[in-house]
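# A closer look at the structure
Listed here are the chains, written in short residue letters.
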Amino acid sequence: AAVAVCGLVAFLAGWHVHEKALLPPLLLLAAAAPDDAAGAALHARLLLLLSASAHYAQLPLLHQPAEYPLSRALPLLYHLVASDALRGRVAAAGAERGEEAPLLRLHEWA
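Presented here is an overview of the structure given in this document. In this text, all values refer to a predicted model and were calculated from it rather than measured experimentally. Within each chain, residues carry numbers counting from 1 in the order of the written sequence. Predicted model: local features are reported for residues with pLDDT of at least 70 only, side-chain atom pairs are reported and counted for 80 or more only, and whole-chain, interface and lining totals are derived from all residues. Working from all heavy atoms in the structure, the side-chain values ignore hydrogens and water.

## Here we look at the overall build of the protein
How we decide: For the purposes of this entry, the term helix denotes a DSSP run of H or I that reaches at least four residues, the term strand denotes a run of E that reaches at least two, and both are numbered from the N terminus. Note on contacts: a residue pair qualifies if any of its non-hydrogen atoms lie within 4.5 Å across the two residues. All accessibility values rest on the Shrake-Rupley procedure with a 1.4 Å probe; residue burial counts only the protein chains present in the view.
Helix and strand content of the protein: 5 helices and 0 strands. When its helices and strands are written in sequence order, the protein yields α-α-α-α-α. Pairs at least 24 apart in sequence give 63% of the contacts found in the protein among residues at least 6 apart. Only carbon and sulfur atoms are counted for the fraction: they give 69% of the accessible area of the protein, which is about 7,600 Å².

Right, dumping it as structure tokens:
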């Protein structure tokens, strides 16, 4: 996870970065999964927010009119499937501790 954060800092501090520069930290963050419930919830939130921003950053690369429906449908489908899968993982980790929390907070949906 530390390497993913370093990659994000390099992306944010870079003078000239490309949309594809978000993909390596996203892949590293997706591969690292914490074991505890609090860490799993935070990891799931960060993964959803980063993947949504990475998908949104890739949209200008699909600029042809024929690609428009696909460029809008695929990130939405990915976000629905990923949030459902991560919600199940966080709920299972939270059930061990007897607590349940929403995956994304209200201000994070906007």
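Now that the structure has been shown, the text picks up again.
## Let's talk about the nonpolar core
This is how it is decided: Residues enter a nonpolar core if they are buried and are Ala, Val, Leu, Ile, Met, Phe, Trp, Tyr or Cys, with the set joined through side-chain atoms within 4.5 Å. The buried label goes to any residue with under 20% of its type's maximum accessible area, the exposed label to any with over 50%, and the partly exposed label to all in between, with areas taken from a 1.4 Å probe on protein chains only.
Core analysis: the biggest nonpolar cluster contains 14 residues, and Leu22, Leu26, Leu29, Leu47, Leu50 and Leu86 have the highest contact counts within it. Breaking this core down by element, the ones donating at least two residues are α1 (2–13), α2 (23–31), α3 (37–58) and α4 (68–97). The biggest single contributor to this core is α3, with 6 residues. Not counting residues up to four positions away in its chain, the partners in contact with Leu47 are Leu26, Leu29, Ala30 and Leu86.

## Details of the packing of α2 against α3
This is how it is decided: Axis definition: a line fitted to C-alpha atoms, over the contacting stretch in the case of helices. Angles run 0 to 180 degrees between N-to-C directions. Here roughly perpendicular refers to angles of 65 to 115 degrees, roughly parallel to angles under 35, roughly antiparallel to angles over 145, and oblique to all remaining angles. Each crossing gets its handedness from the near helix: less than a right angle anticlockwise from the far helix is left-handed, clockwise is right-handed. Just so you know the grouping, Ala, Val, Leu, Ile, Met, Phe, Trp, Tyr, Cys and Pro go in nonpolar, Asp, Glu, Lys and Arg go in charged, and all remaining residues, Gly too, go in polar.
Interhelical geometry of α2 versus α3 gives an angle of 155° and a closest axis separation of 10 Å. By the angle class used here, α2 and α3 are roughly antiparallel. Judged by the sense of rotation from one axis to the other, the crossing of α2 with α3 is left-handed. Residues Leu23, Pro25, Leu26, Leu29 and Ala30 of α2 pack against His43, Leu46, Leu47, Leu50, Ser51, Ala54 and Gln58 of α3. Along the lines of polarity and charge, the residues of the contact of α2 with α3 split into 9 nonpolar, 3 polar and no charged.

## Some remarks on the side chain of Ser83
Filter applied, for reference: Polar contacts here mean pairs of N or O atoms no more than 3.5 Å apart (in protein, one a potential hydrogen donor and the other a potential acceptor; neighbouring residues in sequence count only if both atoms are side-chain atoms).
Along the polypeptide, Ser83 turns up in helix α4. A polar atom in the side chain of Ser83 sits 2.9 Å from the backbone oxygen of His79.

## Concerning the environment of Asp36
Here Asp36 lies in the loop between α2 and α3. With relative accessibility at 46%, the residue Asp36 sits in the partly exposed group. Sequence separation of Asp36 and Val90 is 54 residues, and the distance between their C-alpha atoms is 9.6 Å.

## Structural notes on α2
Just so we agree on the cut-off: As used here, the arc is the angular range of directions from the helix axis to the C-beta atoms.
Those residues of α2 not exposed but buried are Pro25, Leu26 and Leu29. Taken down its axis, α2 places every buried residue within 100° of arc, on the same side. In α2, the exposed positions that point more than 90 degrees away from the buried face belong to Leu27 and Ala31. Check the buried side of α2 and you find it contacts α1 and α3.

## A closer look at a nonpolar patch on the surface
Using the following cut-off: Patch membership requires more than 30% relative accessible area and the absence of a salt bridge. Residues of like charge join within 9 Å; the nonpolar side chains Val, Leu, Ile, Met, Phe, Trp and Tyr join within 5 Å. Put simply, a salt bridge is a Lys or Arg side-chain nitrogen that is within 4 Å of an Asp or Glu carboxyl oxygen.
Taken together, the side chains of Leu70, Leu74, Leu77 and Val81 present a nonpolar region at the surface, about 390 Å² in accessible area. Mapping Val81 onto the fold places it in helix α4.

## As for the environment of Leu62
Assignment of secondary structure puts Leu62 in the loop between α3 and α4. Beyond its immediate stretch of four places on either side in the chain, Leu62 contacts Glu67 and Ser71.

By themselves, these observations are geometric and do not establish any function.
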